[in-house]
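Results of the structural survey
So you can see what is in the structure, the chains are spelled out below.
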Amino acid sequence: MSILVWLLLGLIAGILAKFVMPGRDAGGIIVTVALGVVGAIIGGYIGTRFGIGSVTGINFESILVATGGAILLLILYRLVSRRR
């Protein structure tokens with residue numbers, strides 16, 4: 001996939017993750033998109049590894065997998081930022 005598709009998928013996944021887990025996080029939209037992109041990569045890796053699904057483009061399955069990864073990453077981000 002191209003960088004633009006990863007960014008768009010990350011934006012969608014980050015926004016959906018933020019919708020599922022609302023709250024005040026430092027960084028605003030920039031951190032949300034970054035967490036979404038990295039979450040898409042993590043979600044794609046985990047989903048492919050366990051046979052759940054993969055990230056192949058802008059489609060429903062990819063958005064669900066990427067959003068799952070973004071939510072997981074957002075949970076970890078909040079746990080780490082609380083300890084500081």
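Here's a quick rundown of the structure. (Residues numbered from 1 in each chain as written. Predicted model: local features only at pLDDT ≥ 70, side-chain atom pairs only at ≥ 80, totals over all residues. Heavy atoms only, no water.)

1. Thoughts on the overall build of the protein chain
Quick note on the threshold: Strands are runs of DSSP state E lasting at least two residues, helices are runs of H or I lasting at least four, and both sets are numbered from the N terminus onward. It is over C-alpha atoms that the radius of gyration is taken, and the globule rule equals 2.2 Å times the number of residues to the power 0.38. Using a 1.4 Å probe on the protein chains alone, a residue whose accessible area is under 20% of its type maximum counts as buried, one over 50% counts as exposed, and one in between counts as partly exposed. Here the Shrake-Rupley method, with its probe set to 1.4 Å, supplies the accessible areas, and only the displayed protein chains count as covering residues.
Regarding its fold elements, the protein chain presents three helices and zero strands. Across the protein chain, helices and strands are ordered from the amino to the carboxyl terminus as α-α-α. Against the compact-globule benchmark of 12 Å for 84 residues, the protein chain has a radius of gyration of 12 Å, which places it among compact chains. Judged by the C-alpha coordinates and their principal axes, the protein chain covers about 35 × 25 × 20 Å. When each of the 84 residues of the protein chain is scored for burial, the buried share is 33%. For the protein chain, the exposed surface amounts to about 5,400 Å²; the carbon and sulfur share of it is 73%.

2. Some thoughts on the nonpolar core
Let me state the cut-off plainly: What is meant by a nonpolar core is a set of buried Ala, Val, Leu, Ile, Met, Phe, Trp, Tyr and Cys residues, joined one to another through side-chain atoms within 4.5 Å. Throughout, a contact is declared for two residues whenever any of their heavy atoms are within 4.5 Å.
Ranked by size, the top nonpolar core spans nine residues in total: Leu 9, Ala 13, Ala 17, Ala 40, Val 55, Ile 63, Val 65, Ala 66 and Ala 70. The set of elements that each furnish at least two residues to this core consists of helix H1 (3-20) and helix H3 (60-83). When residues in this core are grouped by element, the largest group, four residues, is from H3. Among all residues touching Ile 63, those that are not within four sequence positions of it are Leu 9, Ile 12 and Leu 16.

3. Focus: the environment of Gly 43
For Gly 43, the position within the fold is in helix H2 (residues 28-49). Through-space distance from the C-alpha of Gly 43 to that of Ile 71 is 9.3 Å; in sequence the pair is 28 residues apart. Residue contacts for Gly 43: discarding those within four places in its chain leaves Val 65 and Gly 69.

4. With respect to the side chain of Ser 62
Mapped onto the elements of the fold, Ser 62 is located in helix H3. Overall, the relative accessible area of 0% leaves Ser 62 in the buried class. For Ser 62, the residues in contact, after removing those within four places along its chain, are Leu 9, Ser 54, Val 55, Thr 56 and Gly 57.

5. Details of a nonpolar patch on the surface
So the rule is basically this: In this analysis, a patch consists of residues with relative accessible area above 30% that form no salt bridge, clustered at 9 Å for like charges and at 5 Å for the nonpolar side chains Val, Leu, Ile, Met, Phe, Trp and Tyr. Salt bridges, as used here, are contacts in which a Lys or Arg side-chain nitrogen is within 4 Å of a carboxyl oxygen on Asp or Glu.
Residues Tyr 45, Ile 46, Phe 50, Ile 52, Leu 72, Ile 75, Leu 76 and Leu 79 make up a contiguous nonpolar surface patch of roughly 800 Å² in combined accessible area. A total of four residues in the nonpolar patch trace back to one element, the largest contributor, which is H3. Within the element layout of this structure, Leu 79 appears in helix H3. Judged by its relative accessible area of 40%, Leu 79 is partly exposed.

6. Thoughts on the environment of Ile 75
Relative to the assigned elements, Ile 75 resides in helix H3. Judged by its relative accessible area of 37%, Ile 75 is partly exposed. For Ile 75 and Ala 17, which are 58 residues apart along the polypeptide, the C-alpha to C-alpha distance reads 9.8 Å.

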